[in-house]
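Spelled out, the chains give:
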Amino acid sequence: MRSLILELAAAIGLTIAAAVSFVTAAHAGDMMVTGAFARASATPAAKAGALYFTIRNDGDAADKLTAVQTDGAQTAMLHENVEENGVVSMRHVEAITIAPKATVTLAPQKMHVMLTGLKAPLKKGERLAVTLTFEKAGEVKLDVPIGSVAADGPE
């Protein structure tokens, strides 16, 4: 009987740990980050990738996303796509301001986190540890799922 109880407790613990490890929402202070995902690398030699997510500010004051870090790439920079004279290009931005009670979505062909110097190709089904730093709210740690090459959201 004692063995059965221990086995059940272990099974429940592992189930809870697995569920928690797949949560794609996290928060710090008034900032809530949801829907995080990355696209798989198109080739094994790819050295760049991108991250996407939604940030919601539930507070009464604006905050700024000022930095992104991951051990999976040499650099992680905030970028936005800009169209000028019919040509679309990416431009580095120092920070993303999230107004009070507002939501900002980073998505393909829009604002995103550009990963350069990937240490390994991003593979569908794997996960990437990422830390977002907000000016007021502090750090938010994410466990970002990697979807297909053409993913439009978490899979």
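Structural notes, computed from the coordinates. All of these numbers come straight from a predicted model, not from anything done at the bench.

1. Re the overall build of the protein chain
Then, number 1: A tally of helices and strands in the protein chain yields one helix and 11 strands.
Then, number 2: Each helix and strand of the protein chain, ordered N terminal to C terminal, gives the series α-β-β-β-β-β-β-β-β-β-β-β.
Then, number 3: By the burial criterion, 37% of the 155 residues in the protein chain qualify as buried.
Then, number 4: Accessible area for the protein chain stands at about 8,900 Å²; split by element, carbon and sulfur atoms hold 58% of it.

2. Notes on the environment of Met77
Then, number 1: Within the secondary structure, Met77 is located in strand 5 (residues 73-84).
Then, number 2: Residue Met77 is classed as partly exposed on the basis of its relative accessible area, which comes to 31%.
Then, number 3: With 17 residues separating them along the chain, Met77 and Glu94 place their C-alpha atoms 8.2 Å apart.

3. Section: the pattern of salt bridges
Then, number 1: Applying the stated rule across the entire model yields seven salt bridges.
Then, number 2: We note a salt bridge from Glu80 to Arg91, for which the minimum N-O separation is 2.5 Å. Here the residue Glu80 occupies a position in strand 5, and Arg91 occupies one in strand 6 (residues 87-92), the gap between them amounting to 11 residues.
Then, number 3: The residue Glu139 makes a salt bridge to Lys141 at a minimum N-O spacing of 3.6 Å.
Then, number 4: On the basis of relative accessible area, Glu139 is assigned to the partly exposed category, the value being 48%.
Then, number 5: Overall, the relative accessible area of 59% leaves Lys141 in the exposed class.

4. Quick look at the side chain of His112
Then, number 1: Structurally, His112 is set in strand 9 (residues 112-118).
Then, number 2: Residue classification places His112 among the buried residues on the basis of a relative accessible area of 5%.
Then, number 3: Dropping the residues within four chain positions of it, His112 is found in contact with Ala50, Leu51, Tyr52, Met77, Leu78, His79, Asn81, Met90, Leu106 and Ala107.

5. A look at the pairing of strand 5
On a regular strand, each side chain points to the face opposite its neighbour's, so the side chains alternate between the two faces of the sheet.
Then, number 1: Bridge analysis of strand 5 against strand 9 gives six bridges, and the strand direction is antiparallel. Each bridged residue has a counterpart across the sheet, and for His79 the counterpart in strand 9 is His112.
Then, number 2: Relative to strand 6, strand 5 runs antiparallel, the two being bridged by six bridges. Counterpart to His79 in the pairing with strand 6 is His92.
Then, number 3: In sequence, strand 5 turns back onto strand 6 through a hairpin of two residues, with Asn85 there showing a positive phi of about 55°.

6. What about the environment of Pro100?
Then, number 1: With respect to the helices and strands, Pro100 occurs in the loop between strand 7 (96-98) and strand 8 (103-106).
Then, number 2: Separated by 40 residues in the primary sequence, Pro100 and Asp60 place their C-alpha atoms 5.0 Å from one another.
Then, number 3: Sequence-distant contacts of Pro100, that is, excluding residues within four places in its chain, are made with Asn57, Gly59, Asp60, Ala61 and Ala62.

7. Overview of unusual backbone geometry
Then, number 1: For Asn85, which is not a glycine, the phi torsion comes out positive at approximately 55°.
Then, number 2: Relative to the elements of secondary structure, Asn85 occurs in the loop between strand 5 and strand 6.
Then, number 3: The exposed category is assigned to Asn85, whose relative accessible area is 82%.
Then, number 4: With phi around 60°, Lys101 is a residue other than glycine that occupies positive phi space.
Then, number 5: Mapped onto the elements, Lys101 comes out in the loop between strand 7 and strand 8.
Then, number 6: Since its relative accessible area comes to 57%, Lys101 is described here as exposed.

What counts and how
Residue indices begin from 1 for each chain and proceed along its sequence in written order. Given that this is a predicted model, residues contribute local features only at a pLDDT of at least 70 and side-chain atom pairs are listed and counted only at 80 or more, while totals for whole chains, interfaces and linings are drawn from all residues. Heavy atoms throughout the structure, all of them, feed into the side-chain values; hydrogens and water do not. Where helices and strands are cited, they refer to DSSP runs of H or I of at least four residues and of E of at least two residues respectively, numbered from the N terminus. Relative accessibility under 20% of the residue-type maximum defines a buried residue, over 50% an exposed one, and the middle range a partly exposed one, all with a 1.4 Å probe and only protein chains included. Note on areas: Shrake-Rupley with a 1.4 Å probe; residue coverage comes only from the protein chains shown. Any carboxyl oxygen of Asp or Glu within 4 Å of a side-chain nitrogen of Lys or Arg constitutes a salt bridge here. Only heavy atoms matter for contacts: two residues are in contact if any of them lie within 4.5 Å across the pair. In short, DSSP must find at least two bridges between two strands for them to pair.

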